[in-house]
Amino acid sequence: MSRVINCNPPCQRFFYILFPCLRSILFLIQKLIAFKVLNAYFCAPNQENMISAHDISLQYGKRVLFDEVNVTFKDGNCYGIIGANGAGKSTFLKILSGEIDPNKGSVSIEPGKRMAVLKQDHFQYDEVSVINTVLRGHDKLWSIMQAKDAIYAKPDFSDADGIKASELETEFAEMDGWNAEPEAASLLSGIGIVEADHHKLVKSLNGNQKVRVLLAQALFGNPDILILDEPTNDLDIQTAVWLEDFLLNFKNTVIVVSHDRHFLDTVCTHTVDIDFGKVNMYTGNYTFWYESSQLALRQKLNANKKAADKRTELQAFIDRFSANASKSKQATARKKLLEKITVEEIKPSSRKYPGIVFKQSRSVGDQILNVKNLSSVLDGEPLFSNLDFTVNKNEKITFLSKNSLATAALFQILAKEKEPTTGSVEYGQTITTAYLPNENEEFFNGDETLIDWLRQFSKEKDEIYIRGFLGKMLFSGEETLKKSNVLSGGEKVRCMLSRMMMREANVLLLDEPTNHLDLETITTLNNSLKNFEGNVLFASHDHTFTQTIANRIIEIGPGGYIDKLCTYDEYVADEKVMAQRAKLYDLQAV
């Protein structure tokens with residue numbers, strides 16, 4: 001011991017670092033031996049209950065959000081939380097994470113398990129570096145790192161400090177702390193944050209980048225329970241696919257709220273439906289839940305069909321869906337869940353779907369839209385340049401860009417609400433347009449009722465006629481007397497869709513139409529645009545929406561544009577397109 005005391009401080013500190021490292025190596029050897037012994041047990045189909053809600057009730061005034069909810073989330077599954085706008089999806093996640101206390105009931109987590117939550121405060125870490133923000137996603141590991149650094153920074157490093165440092169180093173190594181920063185950097189790169197930004201302060205990033213950093217923080221450190229609220233918001237194609245692949249390979253419990261049906265279908269093993277204060281869990285992804293519940297509803301309404309025939313029809317649906325699932329990239333264990341489902345588990349849906357039907361007052365002629373040499377610049381920076389395209393009959397075109405300001409500017413120009421920097425936009429004589437902007441606040445500044453609000457956009461002023469359009473969008477009775485300036489984001493978009501339907505246009509322009517909408521309205525809008533016989537020009541981050549509507553893809557950027565006659569999935573998979581995209585956003589080439 002005296003030899004250690006007489007060493008100079010650097011040697012002394014080296015000893016305290018080296019000793020726990022040797023202990024950690026022995027610890028890892030023990031872990032590997034234990035893994036071989038216990039591997040069969042860990043790979044067994046039995047699943048632990050990771051987190052459970054017991055008799056959860058929550059009420060705001062007279063409004064009951066949850067009434068004696070009991071639900072359990074098991075290890076290794078991914079649960080997609082769905083429900084109408086205002087049903088309480090995000091609130092339920094906050095109850096699970098402990099951010100909100102219910103009026104009654106409790107949440108229990110398996111002892112020793114760690115939960116990570118995608119944070120919604122985009123300014124919380126403004127004064128922290130990007131890499132450290134991710135590392136702080138693991139509270140215990142971060143506190144050990146801070147404690148270690150504080151001890152080694154002491155000018156009067158004592159024996160007691162050395163013993164404490166040794167203990168911290170052992171714990172740090174056991175938590176795989178030496179790989180923490182490389183893992184954090186890998187997550188950041190995967191999520192679209194370039195290496196040059198890793199050591200910048202978070203406040204130097206834009207809003208979209210901050211969201212990605214917070215997402216990397218939630219994913220960091222292999223949490224046992226991962227809670228994500230709208231994780232795909234503002235993600236581009238590649239980053240969304242990266243996140244899907246990450247979660248497909250994630251072995252622990254995921255609970256996620258999302259309005260992206262492709263994302264839910266790809267990653268989820270179960271669907272959790274929040275409806276009328278109750279929470280019901282179903283095996284299968286969103287599309288399985290939607291199609292099976294609609295089939296069960298049709299059967300319920302068909303009183304003449306024999307029970308045996310209904311059962312046979314449901315079983316055939318299950319078998320068909322299970323066979324299709326085997327072709328997806330879901331893990332084998334997830335596909336097997338569908339094989340175990342029974343006909344009795346399929347229940348009819350109680351959901352209400354709006355009636356969205358776009359009619360044309362006249363069909364398009366031969367000349368629809370011709371765009372020449374179109375460019376737009378914002379604050380001296382090009383959003384897109386040299387855009388040329390002609391719209392033909394039966395074309396439904398989606399416009400893509402890494403910068404949502406570029407697509408927003410394009411649609412404002414196409415709607416004649418903004419002048420381009422260069423170029424021209426010419427519509428044919430037979431063309432009428434209807435435009436759904438991404439930002440709609442300017443339409444809802446007054447205090448008129450919804451009837452009066454919609455009446456101002458209609459040639460027909462009769463109240464019954466106006467109520468008919470509002471009723472299609474699920475505004476009925478006293479709801480039609482709501483003031484337009486107190487509407488939620490989803491209600492505003494539904495009103496704007498009513499306005500569009502009234503125009504009976506033959507060319508529809510829609511900029512991010514699925515924003516703020518619930519899955520029921522998104523699904524209905526999706527089907528309506530698929531069946532629309534005129535032309536559709538739109539921008540959307542919703543994968544399923546884009547894949548099922550678009551038959552032509554135009555991607556715009558500062559370096560020009562890419563124009564392909566293909567589906568969205570074909571576009572994403574095209575290696576030649578990927579090479580072109582790099583040049584599209586190269587400002588040096590402009």
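Predicted model only: the values in this text are computed from it and were never measured. (Residues numbered from 1 in each chain as written. Predicted model: local features only at pLDDT ≥ 70, side-chain atom pairs only at ≥ 80, totals over all residues. Heavy atoms only, no water.)

Structural notes on the overall build of the protein
Each helix and strand counted, the protein has 21 helices and 18 strands in total. Put simply, the protein has 590 residues, and 49% of those count as buried. For the protein, the share of sequence-separated contacts (at least 6 apart) that also reach a separation of at least 24 residues comes to 71%. Carbon and sulfur atoms provide 51% of the accessible area of the protein, an area that totals close to 29,200 Å². (Helix = DSSP H or I, 4+ residues; strand = E, 2+ residues; numbered from the N terminus. Buried < 20%, exposed > 50% of the residue type's maximum accessible area, 1.4 Å probe, protein only. Contact = heavy atoms within 4.5 Å. Areas by Shrake-Rupley, 256 points an atom, 1.4 Å probe, with all protein chains shown as cover.)

Details of the packing of aromatic side chains
The geometry of two aromatic rings is summed up by the distance between their centres and the angle between their planes. This model, assessed by the stated rule, comprises 16 aromatic pairs. Seen from their ring centres, tryptophan 453 and phenylalanine 457 are 4.9 Å apart, and the 70° between their planes marks the pair as edge-to-face. Exposure remark for tryptophan 453: the relative accessible area of 0% places this residue in the buried category. For phenylalanine 457, a relative accessible area of 28% puts it in the partly exposed group. An angle of 65° between the planes, with centres 5.1 Å apart, marks the rings of tyrosine 465 and phenylalanine 469 as edge-to-face. With tyrosine 465 and phenylalanine 469 both in helix α16 (residues 463-472) and four residues apart, the pair spans about one turn of that helix. A relative accessible area of 32% means that tyrosine 465 is categorised as partly exposed. These aromatic residues form a ring-pair network of at least three members: Tyr286, Trp289, Tyr290 and Tyr353. In this structure, lysine 148 is placed above the aromatic ring of phenylalanine 172, and the distance from its NZ or CZ to the ring centre is 4.0 Å. For the cation-ring pair, arginine 494 lies above phenylalanine 475, with the distance from its terminal atom to the ring centre recorded as 4.3 Å. (Phe/Tyr/Trp six-rings, centres within 6.5 Å; stacked < 30°, edge-to-face > 60°. Lys NZ or Arg CZ within 6 Å of the ring centre and 35° of its normal.)

With respect to the sheet that holds strand β8 (residues 270-275)
An order of β5-β6-β7-β3-β8-β9 is seen for the six strands of this open sheet, with the pairing classed as mixed. Every other strand in the sheet has two partners, leaving β5 (115-117) and β9 (278-283) as the edge strands with one partner each. The average angle at which neighbouring strand axes cross in this sheet is 20°, direction not considered. Strand direction decides the pairing type here: strand β6 (residues 225-229) and strand β7 (residues 253-257), joined by five bridges, are parallel. Its bridge partner lying in β7, isoleucine 227 is registered against isoleucine 255. Running over the sheet, helix α3 (residues 89-97) touches β3 (78-82), β5, β6, β7, β8 and β9 and is turned about 150° from β6. Packing of helix α8 (residues 207-219) onto the sheet brings it into contact with β5 and β6, and relative to β6 it is tilted by some 160°. (Pairing = 2+ DSSP bridges. Axes fitted to C-alpha atoms, helices over the stretch in contact; angles between N-to-C directions.)

Regarding the sheet that holds strand β16 (residues 535-539)
Two orientations exist for strands paired in a sheet by backbone hydrogen bonds: parallel and antiparallel. The strand order across the open sheet built from six strands is β14-β15-β16-β12-β17-β18, with neighbouring strands paired in mixed fashion. What marks the edges here is a single partner per strand, and that holds for β14 (433-436) and β18 (560-564). Averaged over all pairs of adjacent strands, the angle between strand axes in this sheet comes to 15°, irrespective of strand direction. Of the pairings in the sheet, the one linking strand β15 (residues 507-511) to β16 comprises five bridges and is parallel in character. Within β16, the position partnered with leucine 510 by the bridge is phenylalanine 538.

Observations regarding the packing of α16 against helix α17 (residues 489-503)
How two helices sit against one another is set out by the angle between their axes and by the gap between those axes. Relative orientation of the contacting elements α16 and α17 amounts to 120°, with a least axis distance of 9 Å. Classified by the interaxial angle, the pair formed by α16 and α17 is oblique. You can see that α16 and α17 cross each other, and the crossing is right-handed. In contact with Tyr465, Ile466 and Phe469 of α16, α17 contributes Ser498, Met501 and Met502. Looking at side-chain class alone, the contact of α16 with α17 contains five nonpolar, one polar and no charged residues. (Parallel < 35°, antiparallel > 145°, perpendicular 65-115°, else oblique. Left-handed = near helix turned anticlockwise from the far one by under 90°. Nonpolar A, V, L, I, M, F, W, Y, C, P; charged D, E, K, R; others polar.)

What to know about the nonpolar core
Counting 53 residues, the largest nonpolar core has Leu226, Leu228 and Leu247 as the members making the most contacts within it. With residues near it in sequence (within four places) discarded, leucine 226 still touches Ala116, Ala218, Leu219, Leu247, Phe250, Thr253, Val254 and Ile255. In terms of nonpolar packing, the next biggest core, distinct from the first, is built from 46 residues, Leu400, Leu454, Leu487 and Leu510 among them. (Core = buried A, V, L, I, M, F, W, Y, C linked by side-chain atoms within 4.5 Å.)

What about the pattern of salt bridges?
The tally for this structure, following the rule as stated, stands at 18 salt bridges. The residue glutamate 395 makes a salt bridge to arginine 552 at a minimum N-O spacing of 2.8 Å. One end of the pair, glutamate 395, is in the loop between β11 (381-391) and β12 (396-400); the other, arginine 552, is in strand β17 (residues 552-557), with 157 residues separating them in the sequence. Glutamate 491 is the partner of lysine 482 in a salt bridge, and the nearest nitrogen-oxygen pair spans 2.6 Å. Judged by relative accessible area, lysine 482 falls into the partly exposed class, the value being 28%. When its relative accessible area of 13% is taken as the criterion, glutamate 491 is described as buried. Where salt bridges share partners, they join Asp452, Arg455, Glu463 and Arg467 into one cluster. (Salt bridge = Lys/Arg side-chain N within 4 Å of Asp/Glu carboxyl O.)

What to know about α8
Across its 13 residues, α8 extends 19 Å between first and last C-alpha, which sits within 8% of the 18 Å expected from 1.5 Å per residue. For α8, every residue scored as buried is listed here: Lys210, Val211, Arg212, Val213, Leu214, Leu215, Ala216, Gln217, Ala218 and Leu219. Those residues of α8 that are buried lie in contact with β5, α4 (130-135), α7 (180-190), β6 and α9 (237-248). In the stretch just after α8, glycine 221 is the one whose phi turns positive, near 80°. (Expected span 1.5 Å × (residues − 1).)

Things to note about the side chain of aspartate 518
As for its position among the elements, aspartate 518 is in the loop between β15 and α18 (519-531). For aspartate 518, which is buried and forms no salt bridge, the nearest opposite charge comes from arginine 494, at a distance of 5.7 Å. Residues within four places of aspartate 518 in sequence aside, it is in contact with Gly83, Ala84, Asn85 and His259. (Lys, Arg positive; Asp, Glu negative; His and termini not counted.)

Here we look at unusual backbone geometry
Positive phi is not limited to glycine here, since asparagine 373 has a value of about 50°. Its location among the elements puts asparagine 373 in strand β10 (residues 369-378). With a relative accessible area of 37%, asparagine 373 lands in the partly exposed category. Even without a glycine there, the phi angle at histidine 516 is positive, about 75°. Looking at where histidine 516 falls in the secondary structure, it is placed in the loop between β15 and α18. Given the relative accessible area of 51%, histidine 516 is considered exposed.

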